[in-house]
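Residue strings, one per chain:
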Amino acid sequence: MFARIVFNFSLDHSFFYSIPAHLENQVAVGKRVVAPLNGTLKIGLIVSTQDVLEKSYEIKPIESILDENPLCRENDIKLYSWLASYYKYPFPRVIWHSLPNKIAKRLTKKVKLTEKTRDDNLLKKQHRIILNAFSSKKILSEKTIEKKTKIDKLFPYLQELESMGFIETIFQAPFIESSLDGNPLLDHTYPFSNIPRLNSHQERAYAELQRGIDTHSFSPFLLHGVTGSGKTEVYLRSIEYLLKHNSKARAIMLVPEIALTPQLIEIVTGRFGPQVAVFHSKMTEDEKCERWVKILLGTMRVMIGVRSLVLLPIPEVQLIVVDEEHETTYKQDSLLLYNARDTALMKGKIFGCTVILGSATPSIESYFNAHLGKYVLLHLPERVTQALPPKAEIIDMKDEDKAFGETPIISEKLEDEIRKNLDTGEKTILFLNRRGFSSLILCNKCGSIKTCKFCSVSLSYHQGINTLLCHYCGYTEEFTDKCYHCGKHAVTKIGLGTERIHHELEQKFPDAKLFRMDSDTTKKKGTTERFHELFKKGEIDILIGTQMIAKGLDFPEVTLVGIIYADLTLTIPDFRACERTFQLITQVAGRAGRGEQKGRVIIQTFNPSQYSIIKAQTHDYVAFYEQELTYRKELDYPPYSRLANIRISGVNERYTKTAAYQAAHALSTIRDTNPHFAEKIILLGPAMCPIYKINDKYRWSILIKGKNAQSLDLYLDKYLENQKDKPPQVSLKIDIDPLNFL
Ligand code: ADP
Ligand code: ZN
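Residues numbered from 1 in each chain as written. Chains lettered and ligands numbered in written order. Predicted model: local features only at pLDDT ≥ 70, side-chain atom pairs only at ≥ 80, totals over all residues. Heavy atoms only, no water.

**Observations concerning the overall build of the chain**
Argument step 1. When helices and strands are tallied, the chain shows 20 helices and 30 strands.
Argument step 2. Relative to the compact-globule value of 27 Å for 742 residues, the chain shows a C-alpha radius of gyration of 30 Å, a close match.
Argument step 3. Taking all 742 residues of the chain together, the buried fraction comes to 54%.
Argument step 4. Taking the intrachain contacts of the chain between residues at least 6 apart in sequence as the baseline, contacts between residues at least 24 apart amount to 75%.
Argument step 5. When the accessible surface of the chain is split by element, carbon and sulfur atoms take 50% of a total near 34400 Å².
Argument step 6. Of note, the chain has its 99 positive side-chain charges centred 4 Å away from the centre of its 88 negative side-chain charges. (Helix = DSSP H or I, 4+ residues; strand = E, 2+ residues; numbered from the N terminus. Rg over C-alpha atoms; globule rule 2.2 N^0.38 Å. Buried < 20%, exposed > 50% of the residue type's maximum accessible area, 1.4 Å probe, protein only. Contact = heavy atoms within 4.5 Å. Areas by Shrake-Rupley, 256 points an atom, 1.4 Å probe, with all protein chains shown as cover. Lys, Arg positive; Asp, Glu negative; His and termini not counted. Charge placed at Lys NZ, Arg CZ, Asp CG, Glu CD.)

**Observations concerning the sheet that holds strand β29 (residues 697-706)**
Argument step 1. Taken in spatial order, the four strands make up an open sheet running β28-β29-β27-β30, and their pairing is antiparallel. On the outer flanks of this sheet lie β28 (681-694) and β30 (730-736), each paired with one strand and no other. Mean inter-strand twist for the sheet, computed between neighbouring axes without regard to direction, equals 20°.
Argument step 2. Two strands pair when backbone bridges link them, and strand β27 (residues 642-650) and β29 are joined in this way by nine bridges, in the antiparallel orientation. Counterpart to serine 649 in the pairing with β29 is arginine 699.
Argument step 3. Taken strand by strand, helix α20 (residues 709-721) contacts β27, β28, β29 and β30, and its axis lies near 30° from that of β27. (Pairing = 2+ DSSP bridges. Axes fitted to C-alpha atoms, helices over the stretch in contact; angles between N-to-C directions.)

**Let's talk about the sheet that holds strand β7 (residues 139-141)**
Argument step 1. Reading across the sheet, the three strands line up as β7-β6-β8 and stay open at both edges, with antiparallel pairing between neighbours. Edge strands, defined here as strands with exactly one partner in the open sheet, are β7 and β8 (167-172). Direction aside, the axes of adjacent strands within the sheet are offset by 40° on average.
Argument step 2. Looking at chain direction, strand β6 (residues 108-113) and β7 are connected through three bridges and run antiparallel. Paired with valine 111 across the bridge in β7 is leucine 140.
Argument step 3. Contacts from helix α4 (residues 142-149) reach β6 and β7 within the one sheet, and its direction differs from that of β7 by about 85°.

**As for the coordination of the zinc ion (ligand 2)**
Argument step 1. At 2.3 to 2.4 Å from the zinc ion (ligand 2) lie its protein donor atoms, namely Cys452 (SG), Cys455 (SG), Cys470 (SG) and Cys473 (SG).
Argument step 2. The site at the zinc ion (ligand 2) holds four donor atoms, and with the angles between them running 103 to 114°, its shape is tetrahedral.
Argument step 3. Read from N- to C-terminus, the donor residues coordinating the zinc ion (ligand 2) fall into the pattern C-x2-C-x14-C-x2-C. One end of the pair, cysteine 455, is in the loop between β18 (440-443) and β19 (460-462); the other, cysteine 470, is in the loop between β20 (467-469) and β21 (476-478), with 15 residues separating them in the sequence.
Argument step 4. Judged by relative accessible area, cysteine 455 falls into the buried class, the value being 2%. (Donors = N, O, S within 2.8 Å, 3.2 Å for Na, K, Ca; no water. Tetrahedral: all angles 85-135°; square planar, octahedral: opposite > 155°, others 65-115°.)

**Let's talk about the pattern of salt bridges**
Argument step 1. Tallying each qualifying case throughout the model produces 34 salt bridges.
Argument step 2. Residues aspartate 735 and lysine 331 are paired through a salt bridge, measuring 2.8 Å at the closest nitrogen-oxygen approach. Taken as a pair, aspartate 735 in strand β30 and lysine 331 in the loop between β13 (317-323) and α10 (340-351) lie far apart in primary sequence, 404 residues in all.
Argument step 3. Residue class for aspartate 735 comes out buried when judged on its relative accessible area of 2%. (Salt bridge = Lys/Arg side-chain N within 4 Å of Asp/Glu carboxyl O.)

**So, the domain arrangement of the chain**
Argument step 1. Each domain of the chain was delimited in the assignment, giving domain 1 (2-104), domain 2 (108-172), domain 3 (200-380), domain 4 (391-434 + 510-633), domain 5 (438-495) and domain 6 (642-736).
Argument step 2. Centre-to-centre, using C-alpha coordinates, domain 1 lies 32 Å away from domain 6.
Argument step 3. Contact with domain 1, which involves four residues of that partner, is made by seven residues of domain 6.
Argument step 4. Taken as a group, Tyr86, Tyr87 and Lys88 account for 97% of the area that domain 1 buries against domain 6, more than any other trio of residues on that side.
Argument step 5. Where domain 1 packs against domain 6, one counts two salt bridges.
Argument step 6. Among the salt bridges present, the one from lysine 88 reaches aspartate 713, with a minimum N-O distance of 2.6 Å.
Argument step 7. Across the contact surface, domain 1 and domain 6 share three residue pairs in polar contact (both at pLDDT 80 or more).
Argument step 8. For the side of domain 1 that touches domain 6, the class distribution of residues is two nonpolar, one polar and one charged. (Domains from an automatic or database assignment. Buried area = accessible area lost by both parts, 1.4 Å probe. Polar contact = N/O pair within 3.5 Å; in protein donor to acceptor, adjacent residues only side chain to side chain. Nonpolar A, V, L, I, M, F, W, Y, C, P; charged D, E, K, R; others polar.)

**Quick notes on empty space enclosed by the protein**
Argument step 1. Tallied over the entire structure, the rule returns two cavities of 30 Å³ or more.
Argument step 2. Looking at the largest cavity, its volume works out to about 60 Å³.
Argument step 3. In terms of lining, the largest cavity is formed by Phe431, Asn433, Ile563, Tyr565, Ala566, Leu568, Thr569, Leu584 and Ile585.
Argument step 4. A class-by-class count of the residues in the lining of the largest cavity yields seven nonpolar, two polar and no charged.
Argument step 5. Space inside the second largest cavity adds up to approximately 40 Å³.
Argument step 6. Lining the second largest cavity are Tyr86, Arg642, Ala709, Leu712, Asp713, Leu716 and Ile736.
Argument step 7. The leading source of residues in the lining of the second largest cavity is α20, at four residues. (1 Å grid on protein atoms, 1.4 Å probe; cavity = no way out; pocket = protein on both sides within 12 Å on 5 of 7 lines; lining within 4 Å. Points joined across faces, edges and corners; volume = space filled by probe spheres on them.)

**Some remarks on the packing of helix α18 (residues 653-672) against α20**
Argument step 1. Running from amino to carboxyl end, α18 crosses α20 at an angle of 125°, the nearest separation of the two axes being 10 Å. Between α18 and α20, the interaxial angle falls into the category oblique. Considering only the axes of α18 and α20, their crossing is right-handed. Across the interface between the two elements, Ala663, Ala666, Leu667, Ser668, Ile670 and Arg671 from α18 touch Tyr715, Lys718 and Tyr719 from α20. (Parallel < 35°, antiparallel > 145°, perpendicular 65-115°, else oblique. Left-handed = near helix turned anticlockwise from the far one by under 90°.)

**Digging into helix α3 (residues 125-133)**
Since the α-helix advances by 3.6 residues per turn, residues separated by three or four positions end up pointing in the same direction.
Argument step 1. Those residues of α3 that fall on the buried side of the exposure criterion are His127, Ile130, Leu131 and Ala133. All buried residues of α3 project into a common sector of 150° when viewed along the axis, lining one side.
Argument step 2. In the core, the buried residues of α3 are packed alongside β6, β7, α4, α5 (154-164) and β8.
Argument step 3. After α3 finishes, the residue serine 135 shows a positive phi value of roughly 35°. (Arc of directions from axis to C-beta.)

**Some details on the nonpolar core**
Argument step 1. Core analysis: the largest hydrophobic core is formed by 118 residues, its most contacted members being Ile95, Ile646 and Ile704.
Argument step 2. The element contributing the most residues to this core is helix α1 (residues 74-87), with eight residues.
Argument step 3. Ile239, Ala249, Val276 and Leu319 belong to the second-largest nonpolar core, a separate cluster that totals 33 residues. (Core = buried A, V, L, I, M, F, W, Y, C linked by side-chain atoms within 4.5 Å.)

**Some details on the side chain of threonine 569**
Argument step 1. With respect to the helices and strands, the residue threonine 569 is situated in the loop between β25 (558-563) and α15 (577-589).
Argument step 2. Take threonine 569: its relative accessible area is 13%, and that puts it in the buried class.
Argument step 3. Not counting chain neighbours up to four residues away, the residues in contact with threonine 569 comprise Asn433, Ala577, Arg580, Thr581 and Leu584.

**Points about the environment of glutamate 393**
Argument step 1. Secondary-structure assignment places glutamate 393 in strand β16 (residues 391-396).
Argument step 2. Once the C-alpha coordinates of glutamate 393 and phenylalanine 509 are considered, the two residues, 116 residues apart in sequence, prove to be 22 Å apart.
Argument step 3. With sequence-adjacent residues up to four places away left out, glutamate 393 is seen in contact with Lys413, Val601, Ile602, Ile603 and Gln617.

**A closer look at the packing of aromatic side chains**
Argument step 1. A complete count under the given rule lists 27 aromatic pairs for this structure.
Argument step 2. Judged by centre distance (5.8 Å) and plane angle (25°), the rings of tyrosine 611 and phenylalanine 624 are stacked. Of the two residues, tyrosine 611 sits in helix α16 (residues 611-617) while phenylalanine 624 sits in helix α17 (residues 621-634), which places them 13 residues apart along the sequence.
Argument step 3. Among the aromatic residues, those joined into a cluster by ring pairs are Tyr367, Phe582, Tyr611, Tyr621, Phe624 and Tyr625.
Argument step 4. For the cation-ring pair, lysine 347 lies above phenylalanine 351, with the distance from its terminal atom to the ring centre recorded as 5.2 Å.
Argument step 5. Over the ring of tyrosine 484 we find lysine 450; its NZ or CZ atom is 4.6 Å from the centre of that ring. (Phe/Tyr/Trp six-rings, centres within 6.5 Å; stacked < 30°, edge-to-face > 60°. Lys NZ or Arg CZ within 6 Å of the ring centre and 35° of its normal.)

If you want it as structure tokens, here you go:
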């Protein structure tokens, strides 16, 4: 019998080993083994087994099998293998990326005392000192022995002792079951009392989902529910239904970011109590591993977590919920460039389970797929509390009075509305998707713009720390009003950030209680918790924040939402700019009027006739979708094509450029010499990335449009097969279904 093994380090291939007869009945896919590799013993994982081997080359036997029960199963391996081939990432790396890395830590070499009785006549003085070092313990590391005995050259004595049979060398693997002790089961448990009765729309959606769950096979749904329509309740009912009707089944719920959804976690843990396992992105590997082992042991059945949870091998998954499926945080932007939503769908296919994608603003691709009939489309067209969505008004900032030639930050109308809210005690949210005080530092005399030393972006001014900061690499520099270029004291701060809004509000409403939430303020641990506490107590009048506050917040006291500069997302060089703008406005606007009081939304913009802004004003997703779709079709963008972005980067500008041109040449040769690809593949580039330099690395990209996923996949495989050596220090990464083009 033979097994294919993957090892946990930078090896991109798997290896075959033979299984000694005495281990054959223990062998199973997903168990760890100890096997010799390059002269030492390593931990590996069995990914498949077979009785015969086609080629006959020298095959070594494995040493031992570490696990009693497999850590993952055939289905998980199938998913990993799909990930590897779809996202063009080495299969062994996919596996070790997905498993908690604790289980793959290195073997530790230990010395173990045998039962053999001592015969002091045979032993040298050093031997006796060594054996005495063991005292009550039976197993010690060489280091400990060295420390205890203070013998310089320990090794020869240990060898002698081993040959005499007094000690033996053993290898210890990280033992996962041991991590079960200590630590409470859950972070918190919350009492949950009033479970609402479903309204008719929720009932209808829930009934469809029950049908899906009952099929015990792949049933994908897209739940399109306006903000405040009670999507969460529908998820919870479906999970409840599954747990009730299938005593073994487990459910996974993916959320874009745990820290931003404390209310959701509270509700889920409240509903399912100690059966819930929460996976944060900031969890340590040990914590993650511990929680995972509990799931394997069967005590936890509802898993809620960020994108990497979809990769974790969990048996008996029968339901996967992807909340806010349109969120870009589902896409990982380093190493394995996977999208957790798409992976969830593939997992659903492989595991044969129900998958619910939920959003108030579904991605164009998902809505398109639903229309093609790939997913069942479910609608929640109304809010649970009020039939009407918040009333939104667009303010054309071009018309605002320009005192000293400068457009005001807060329009007259918004200022009035804020004042009204302060008078009545209702709460306000102001949204601007940029942190800091100002985004540009410009010299009035010579026109120079202060940029980052390491990136081709302008530095932002952060007033609280009086510092210039690069939002890409984190480079900081003390602010001075002296121009770095001409030396004149003529530097001005241009552009807005949340810090500036905060400052402006302090001036305008000195008595208002303000709170700012962006990645600057939430860096400090506990900020989000403090915010929730203060807000619940009514101690915040106005919340100012970036996209962080756009989702998940469910506070009935908020009646006014002000969007300071709706155009910000429109300016990014990305074919999804309009989609992002529509989504952000709709999501933020959705925070208003979730209680009994009616919500008002003020959208400040310089492009009042832009369709993404107008459709967001009227809360008309379908109209936006249709208009966006015509534009996508014209330009052959997804969902009418599939994209891959090849990113080439390196510290040496010339090498990087050369590598980009070489890659582009190789790609076009493959396309031009193969009639199949000639029709189905379009190459754009090489081009400098919109941000040409980040962290001192120069960046190029080649965008590939494929008529469909299959042609694109074949084409890239062909390219990878023939890939020539690239210049030194240049990295080349393939990003499939890219979401970020900067
Ligand atoms: P969404 O995620 O669609 O924006 P939520 O799931 O956050 O909306 O629901 C909004 C609020 O309505 C929550 O406070 C939730 O508890 C409540 N809710 C959900 N369903 C009902 C219902 N059928 N009746 C009354 N309240 C409900
Ligand atoms: Zn930088």
